[in-house]
Amino acid sequence: MSPLCPLLLALALALAAVPGVRGACPVPADLKSANGTRTCAKLYDKSDPYYENCCGGAELALQPGADLPYLPSDWTNVISSLVVGQRCELTVWSIRGKAGKKRKFSAGTYPRLEEYRRGIFGDWSNAISALYCRCAPAPVQTPPRQCLLVRTSASPAPNPAPGLQTAPLAPPPETLTQIGHP
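Caption draft 1: Region of the structure containing the state of the cysteines. Summed over the entire model, instances satisfying the criterion amount to three disulfides. Here C25 engages in a disulfide with C55; their sulfurs sit 1.8 Å apart. Because the sign of the S-S torsion sets the handedness, a value of about 85° for the bond joining C25 and C55 places this disulfide among the right-handed ones. In this pair, C25 is assigned in the loop between helix 1 (4-17) and strand 1 (41-46) and C55 in the loop between strand 1 and strand 2 (56-62), connecting sequence segments 30 residues apart. The partner cysteine of C40 in its disulfide is C133, sulfur to sulfur 1.9 Å. Residues C40 and C133 share a disulfide whose torsion about the S-S bond is about -90°; that sign makes it left-handed.

Caption draft 2: The arrangement of the pattern of salt bridges in detail. For the structure on display, the rule yields five salt bridges. For the salt bridge of K98 with D67, the shortest nitrogen-to-oxygen distance reads 2.6 Å. Of this pair, K98 sits in the loop between strand 4 (81-95) and strand 5 (99-110) while D67 sits in strand 3 (residues 67-68), placing them 31 residues apart in sequence. On the accessibility criterion, K98 (30% relative accessible area) is partly exposed. A salt bridge links E114 to R112; the nearest nitrogen and oxygen atoms lie 3.8 Å apart. Bridged by salt links that share partners, the residues R112, E114 and E115 form one connected network.

Scoring rules and cut-offs
- Residues numbered from 1 in each chain as written.
- Predicted model: local features only at pLDDT ≥ 70, side-chain atom pairs only at ≥ 80, totals over all residues.
- Heavy atoms only, no water.
- Disulfide = S-S within 2.5 Å.
- Helix = DSSP H or I, 4+ residues; strand = E, 2+ residues; numbered from the N terminus.
- Salt bridge = Lys/Arg side-chain N within 4 Å of Asp/Glu carboxyl O.
- Buried < 20%, exposed > 50% of the residue type's maximum accessible area, 1.4 Å probe, protein only.

This is the structure:
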């Protein structure tokens, strides 16, 4: 065995351990542009029989609402892997101008488009010629509405149901008070 073999083996193991060198597919939740805006999908021109080597080569990032009935010529029929962001959907067509076979890819990672059938004899690897990418709006978080009604009259409330006992209220003030949002 040559003294060069252990060195080459060590170099290969070191490169395999460096993130980004292998070309592994990103997680759909991590699809964002450099400035932090949302990315609808990322398309790649390389796939591999080994999943850890997929999503490599040239990359095309799509913003929400991207509508490309005619992909650029260097991207027509070369897409082999793709990742669709959370709450997004990518619709693709096999013929330019949104014609031919059609498929929708929901949020997720698709490292080998060879595994997705296009008709009886074909698959979607190197077969995408048009696309549309859309995302649902991000959910708006509103604070929960809290409303508390306090009975403040001196007379006890009527019994809501026969046989149901109610506890007397604390010493009541004179009015009915509402606390919280209307």
